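Fold and contact review
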Amino acid sequence: MANTNAEHQTGERIAYLTRVQCFSASHRLHSLGLSDDENQRIFGKCNNPNGHGHNYRAEVTVRGKINKVTGMVINLTDLKECIEEVIMVPLDHKNLDKDVPYFANVVSTTENVAAYIWDGLVKILPVGEMYEVKIYETDKNIVVYRGE
Ligand SMILES: Nc1nc2c(c(=O)[nH]1)N=C([C@H](O)[C@H](O)COP(=O)(O)OP(=O)(O)OP(=O)(O)O)CN2
Ligand SMILES: [Zn+2]
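About the thresholds
- Residues numbered from 1 in each chain as written.
- Chains lettered and ligands numbered in written order.
- Predicted model: local features only at pLDDT ≥ 70, side-chain atom pairs only at ≥ 80, totals over all residues.
- Helix = DSSP H or I, 4+ residues; strand = E, 2+ residues; numbered from the N terminus.
- Contact = placed C-beta atoms within 7 Å.
- Expected span 1.5 Å × (residues − 1).
- Buried ≥ 20, exposed ≤ 12 C-beta atoms within 10 Å, placed from the backbone.
- Arc of directions from axis to C-beta.
- Core = buried A, V, L, I, M, F, W, Y, C linked by C-beta atoms within 7 Å.
- Pairing = 2+ DSSP bridges.
- Axes fitted to C-alpha atoms, helices over the stretch in contact; angles between N-to-C directions.
- pLDDT = per-residue confidence, 0-100.

Let's shift gears to the overall build of the chain. Secondary structure summary: the chain contains five helices and five strands in total. Ordered by position from N to C terminus, the α and β elements of the chain give α-β-α-β-α-β-α-α-β-β. For the C-alpha atoms alone, the extent of the chain along its principal axes is close to 60 × 30 × 25 Å. If you take every contact in the chain between residues at least 6 apart in sequence, the share linking residues at least 24 apart comes to 69%.

Here you go:
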């Protein structure tokens, strides 16, 4: 069947490339904008001062044209290096609230972890454009962030 997509007809194909990275980190949900009582009421067990940990799974998706010569949207080796710099070095085996300056006054929810990763990757991606950061905090708790 004929392809009617305009970009495809001009010879440009768009693909979405995803790289998965798992990391472990501890945190506590606590907002500086709330009283201790409000923090306890809103965050419950997740506000426990001792904190708790997660084995996060991050899925980073880049969108771009398939380069005619290389056959790639982005070299996965380059994407892997970016992920190492933005996710693994600052976050893996860290206490998010104490070890990562960004979270000193930003609540370390999975939404904000996804935004942190997005902002870091957007700055250093060599080619292609960031499409999505998807974070599994647990098997049941999943956040998608697309830079909006
Ligand atoms: N909007 C958000 N709400 C909550 C977040 C978050 O990041 N964004 N995070 C938490 C806690 O940190 C924690 O992750 C919740 O863990 P838990 O309730 O133990 O996880 P499950 O839902 O998978 O546990 P089950 O008891 O197995 O259902 C809370 N809220
Ligand atoms: Zn948590």
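After that view, the rundown keeps rolling.
This part takes up helix H5 (residues 110–124). Here H5 contains 15 residues, and its C-alpha end-to-end distance of 22 Å stays within 8% of the 21 Å for a straight helix at 1.5 Å per residue. Those residues of H5 that sit buried are Val 113, Ala 114, Tyr 116, Ile 117 and Leu 121. Seen end-on, H5 carries its buried residues on one side only, within an arc spanning 160°.

Let us look at the nonpolar core. Core analysis: the biggest nonpolar cluster contains 24 residues, and Ala 58, Ile 87, Ile 117 and Val 133 have the highest contact counts within it. Mapped by element, the contributors of at least two residues to this core are strand E1 (14–27), strand E2 (52–65), helix H3 (76–91), H5 and strand E4 (129–136).

Sheet architecture is open: five strands sit in the order E3-E1-E2-E4-E5, paired in mixed fashion. Two strands lie at the open edges of the sheet, namely strand E3 (94–95) and strand E5 (142–145), each paired on one side alone. Of the strands in this sheet, E2, E4 and E5 are in contact with H5, which crosses E4 at around 150°.

To continue, consider the confidence of the model for the chain. Within the chain, residue pLDDT values average 94, and 93% of them lie at 70 or more. Predicted complex metrics record ipTM = 0.93 and pTM = 0.93.

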